Amino acid sequence: MTAAADAGTRLRRALSGTGDDEGPVRAFRRARRTFLSGERVDMGPLAAELGVDRATLFRWVGNRDQLLTEVIWSLFLPTWRRALDDATGTGGPRLVDALTRFTRDVCASAPFRAHLRREPERALRLLTTRSADYQVRVTGAFAALLEDSGAALPLPVPDTAYVLTRVAESFIYADLIAGAEPDAAKAAVVYAALLRCPAPRPGEPHPGEPPTGEPPTQEEP
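Summarised in this report is the structure supplied together with it.

About the cut-offs
Residues numbered from 1 in each chain as written. Predicted model: local features only at pLDDT ≥ 70, side-chain atom pairs only at ≥ 80, totals over all residues. Heavy atoms only, no water. Helix = DSSP H or I, 4+ residues; strand = E, 2+ residues; numbered from the N terminus. Buried < 20%, exposed > 50% of the residue type's maximum accessible area, 1.4 Å probe, protein only. Contact = heavy atoms within 4.5 Å. Areas by Shrake-Rupley, 256 points an atom, 1.4 Å probe, with all protein chains shown as cover. Phe/Tyr/Trp six-rings, centres within 6.5 Å; stacked < 30°, edge-to-face > 60°. Axes fitted to C-alpha atoms, helices over the stretch in contact; angles between N-to-C directions. Parallel < 35°, antiparallel > 145°, perpendicular 65-115°, else oblique. Left-handed = near helix turned anticlockwise from the far one by under 90°. Nonpolar A, V, L, I, M, F, W, Y, C, P; charged D, E, K, R; others polar.

1. Let's talk about the overall build of the protein
Here is step 1 of the chain: Scanning the protein from N- to C-terminus turns up 13 helices and zero strands.
Here is step 2 of the chain: Starting at the N terminus and walking to the C terminus, you meet the elements of the protein as α-α-α-α-α-α-α-α-α-α-α-α-α.
Here is step 3 of the chain: The 221 residues of the protein split such that 48% are buried.
Here is step 4 of the chain: For the protein, the proportion of contacts with a sequence separation of at least 24, taken over those separated by at least 6, is 62%.
Here is step 5 of the chain: In the structure as shown, the protein presents an accessible area of about 10,400 Å², 53% of it carried by carbon and sulfur atoms.

2. Remarks on the packing of aromatic side chains
Geometry of an aromatic ring pair is reported as the spacing of the ring centres plus the angle between the planes.
Here is step 1 of the chain: For the structure shown, the criterion picks out nine aromatic pairs.
Here is step 2 of the chain: On the numbers, 5.1 Å between centres and 70° between planes, the contact of Phe76 with Phe102 is edge-to-face. Of this pair, Phe76 sits in helix 6 (residues 64-86) while Phe102 sits in helix 7 (residues 91-107), placing them 26 residues apart in sequence. No difference in accessibility class separates Phe76 from Phe102, as the two residues are buried.
Here is step 3 of the chain: Taking 6.0 Å as the distance between ring centres and 85° as the angle between the ring planes, the aromatic pair formed by Phe102 and Phe142 counts as edge-to-face. Remark: Phe142 occurs in helix 10 (residues 134-147) and Phe102 occurs in helix 7; sequence separation between them is 40 residues. Per residue, the accessibility class of Phe102 equals that of Phe142, and both read buried.
Here is step 4 of the chain: Taken together, the ring pairs in this structure connect Trp73, Phe76, Trp80, Phe102, Tyr134 and Phe142 into an aromatic cluster.

3. Remarks on the environment of Phe171
Here is step 1 of the chain: Here Phe171 is to be found in helix 11 (residues 157-172).
Here is step 2 of the chain: For the pair Phe171 and Lys186, spaced 15 residues apart in sequence, the C-alpha to C-alpha distance is 7.6 Å.
Here is step 3 of the chain: The contact partners of Phe171, leaving out residues within four places of it in the chain, are Cys107, Pro182, Asp183, Lys186, Ala187 and Val190.

4. What to know about the packing of helix 7 against helix 13 (residues 184-195)
Here is step 1 of the chain: At a closest axis distance of 9 Å, the pairing of helix 7 and helix 13 adopts a crossing angle of 155°. Taken together, the axes of helix 7 and helix 13 lie roughly antiparallel to each other. The hand of the helix 7/helix 13 crossing is right-handed. Taken together, the residues of helix 13 that come into contact with helix 7 (itself represented by Leu95, Val96, Leu99, Thr100, Thr103 and Arg104) are Ala184, Ala187, Ala188, Tyr191, Ala192 and Leu195.
Here is step 2 of the chain: Tallied by class, the residues present in the contact of helix 7 with helix 13 amount to nine nonpolar, two polar and one charged.

5. Comments concerning helix 9 (residues 120-128)
Here is step 1 of the chain: Every buried residue belonging to helix 9 is among Ala123, Leu124, Leu126, Leu127 and Thr128, and all of these are buried.
Here is step 2 of the chain: On its buried side, helix 9 packs onto helix 6, helix 8 (110-118), helix 10, helix 11 and helix 12 (174-178).

6. Some words on the packing of helix 3 (residues 22-36) against helix 6
Here is step 1 of the chain: Packing of helix 3 against helix 6 leaves a shortest axis separation of 10 Å and a crossing angle of 70°. By the angle between their axes, helix 3 is roughly perpendicular relative to helix 6. In the packing of helix 3 onto helix 6, the handedness of the crossing is right-handed. Counting all contacts with helix 3, which are made through Phe28, Ala31, Arg32, Phe35 and Leu36, the residues of helix 6 involved are Leu67, Leu68, Glu70, Val71, Ile72, Ser74 and Leu75.
Here is step 2 of the chain: When its residues are assigned to classes, the contact of helix 3 with helix 6 shows nine nonpolar, one polar and two charged.

Given below as structure tokens:
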């Protein structure tokens, strides 16, 4: 699946505000609630819940990967915005703070971890390769942050954003890739090294980390 193909789905147009299509949005909201409950999103049961056939559902949302991409992206956005809003400092230190907060919150998300455990190979393909455009979107969000930061970067913005995306993936999906625990504190050290600024040592709490370690509440669109 290409990004161009994904952009043509009725769901994608509806979510971007360029289409007024109630069916795809209903399907998306039902799928999102299922995902947040820690359950598998399946096209057959979803179509039955909506009272439509599978062909109609596929016309609405594209294939299952496309639907999952939109669901996960809808969770990325409030998590990312919260990280940006809560980040402190300026320049490189603020970049490290925002990236670390984001990494920590994704690592702590119970629905997201449940999805990774349930479908590890599919999740890695969907989230870390160009088989869908989720990674492209994440890299774009990182690039926008870098462009507005005023920080000295080791590489041009697109290259730095791509490297930071790969660092985030390495520590968020560490259990699937290397059998290690996901670790935002270690990611912070690498972010800081790349951006040439101080970071907490591995094992130290990051500034602003919730004392309970509980993930933030996800929002219903």
